[in-house]
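# Remarks on the overall topology
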Amino acid sequence: MGVLSGLEPQNVFYYFEEITKIPHGSGNVAQLSDYLARFAKERGLWCRQDACQNIIMVKEATPGYESEPPVILQGHMDMVAVHRPDDPIDMATEGLKVGIDGDDLYAEGTSLGGDDGIAVAYALALLDADEICHPRLEVVITVDEEVGMDGARQIDLSPLRGRRMINLDSEEEGIFLTSCAGGARVNCLLPCGQTRIWGRSAEISIAGLRGGHSGEEIDKGRGNANSLLGRLLWAVTSRLNVGLVSLDGGLADNAIPREARAVLQVASENLPALEEIVEKTAAEISGELSARDPQVRIAVAGQPEEEAGVFCATPEDTRRIAAFLISAPNGVQAMSADIDGLVETSLNLGILHYAADAENSGEVSAVFSVRSSVDSAKRALIARLQALAALTGGGIQVRGDYPGWQYRAVSPLRDKMTALYERMYGQKPLIRAIHAGLECGLLAAKIPDLDCVSIGPDMKDIHTTEERLSISSTARVWSFLVQLLAQKDPA
Ligand SMILES: [Zn+2]
């Protein structure tokens, strides 16, 4: 007897629990992929497992539904595997300890993987059923969505006949997602000449910012530690000759950085002036952020007491780097003209790194996450970063470029889902777009005229050890799916 065996719909929770027994963090999906391939084989379903371990399974239409348009059901099999620091679990080899808390499912000490295990569980329950009426079902389960969408990037969708796709990777019941942003990771590399400056070091540090997701929280006006550090560096370098020793800020391109620090080498007699400039600029920044980021702390510390000769970037190049950082765009660049309140184009200076080295001249790396629901606007913003980097004698590297998923004015699938939703729930669903990536963009680029909607049951705190999946919402979304599939198109 499974922990979830008393829950309805039984088959959905049965498969969900099966999935939680198989380790399936991103990059570690072979076992789950094989489980899915075996599942298909045992039921005589057409199945393709590709070299990346993506899975496509097909179940033909039930009698009477042969002429209905096929439906693609899509989700990803990998999860963000995180555990509490005090929990000894090895998530690469051990299954999860699922539990029930009121209406919520959770996993003891770890993330649950409702994102996106519930999509896999829905799909398996549908493929396993013989009492549910449906058109030809084409199930696409990708790998490694959470770490760059590599599965969706690589998958060959030529076996699919469907032109309607239901993506099951959303986290709020009652919201139909119909568009998402495209994005790219842009690394600006700015070369520096080296020198040796006799004097003392000063460390400028920024901490205590709130941070957040670079897509969903980019419009909150929170401080970006890397950009603020650029402003402080410009204030200093526009008045004093200093050499940059090191730069360190942020952890990921897609997280708004909460902390950053720079070490500068300065002639001893200029240290008091440097401290005064930083303190004055810091007070201005704190004042500006008092409502949106009240915990910000900016400090400057001269160290050590003795003078020394230290390798650093030349004062000219240090000034150029500061000019780049204070000029580089950051945050919201444009709001959508079509959808109220939606950010259209943005970027986040997520990672900053430099370390002066006696051996080689080195370069500053500034990594941005660029997003836009309009592909040409994304390209223009990348071009702007490229031009700015070129002004400092540098260049850019673009990685992980993925297309956006544009809103379709005409969508028979969305209309059909909306009508059914109104009948079932007595109200209209919210039609939304998000300023973050979904696999729909990559997949839509491979299927001409794809008509797609993304839905899912209520989840909270995904990608954390506090992740929760609502049991009642899971049941409602299941019955919505079952009724949707059973409903024929108007003749
Ligand atoms: Zn997901």
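Calculation criteria
- Residues numbered from 1 in each chain as written.
- Predicted model: local features only at pLDDT ≥ 70, side-chain atom pairs only at ≥ 80, totals over all residues.
- Helix = DSSP H or I, 4+ residues; strand = E, 2+ residues; numbered from the N terminus.
- Buried ≥ 20, exposed ≤ 12 C-beta atoms within 10 Å, placed from the backbone.
- Axes fitted to C-alpha atoms, helices over the stretch in contact; angles between N-to-C directions.
- Parallel < 35°, antiparallel > 145°, perpendicular 65-115°, else oblique.
- Left-handed = near helix turned anticlockwise from the far one by under 90°.
- Contact = placed C-beta atoms within 7 Å.
- Domains from an automatic or database assignment.
- Nonpolar A, V, L, I, M, F, W, Y, C, P; charged D, E, K, R; others polar.
- Expected span 1.5 Å × (residues − 1).

### Focus on the overall build of the protein
Each helix and strand in the protein was counted, giving 11 helices and 23 strands. Dimensions of the protein, computed from the C-alpha atoms along their principal axes, are close to 85 × 50 × 45 Å. Expressed as a percentage of the 491 residues in the protein, the buried residues total 46%.

### A word on the packing of helix 1 (residues 10-20) against helix 3 (residues 114-128)
Between helix 1 and helix 3, the shortest axis-to-axis distance is 8 Å and the interhelical angle comes to 130°. Here helix 3 runs oblique to helix 1, going by the angle between their axes. Helix-helix and strand crossings are classified by hand; for helix 1 and helix 3 the assignment is right-handed. Between helix 1 and helix 3, the residues in contact are Asn 11, Val 12, Tyr 15, Phe 16, Ile 19 and Thr 20 and Gly 117, Ile 118, Val 120, Ala 121, Tyr 122, Leu 124, Ala 125 and Asp 128, respectively.

### Quick look at the domain arrangement of the protein
Structurally, the protein comprises domain 1 (10-181 + 405-486) and domain 2 (185-402). Between domain 1 and domain 2, the contact holds 12 residues from the first and 13 residues from the second. In the side of domain 1 that touches domain 2, the residues fall into 6 nonpolar, 6 polar and no charged.

### Looking at the environment of Gly 223
Mapping Gly 223 onto the fold places it in the loop between strand 11 (212-213) and helix 5 (225-237). Considered as a pair, Gly 223 and Pro 294 are 71 residues apart in the sequence and their alpha carbons are 9.8 Å apart. Among all residues touching Gly 223, those that are not within four sequence positions of it are Leu 209, Leu 228, Leu 289, Asp 293 and Val 296.

### A word on helix 9 (residues 412-425)
Along its 14 residues, helix 9 runs 20 Å from first to last C-alpha, staying within 8% of the 20 Å computed at 1.5 Å per residue. In the segment just after helix 9, Gly 426 is the residue with positive phi, at about 70°.

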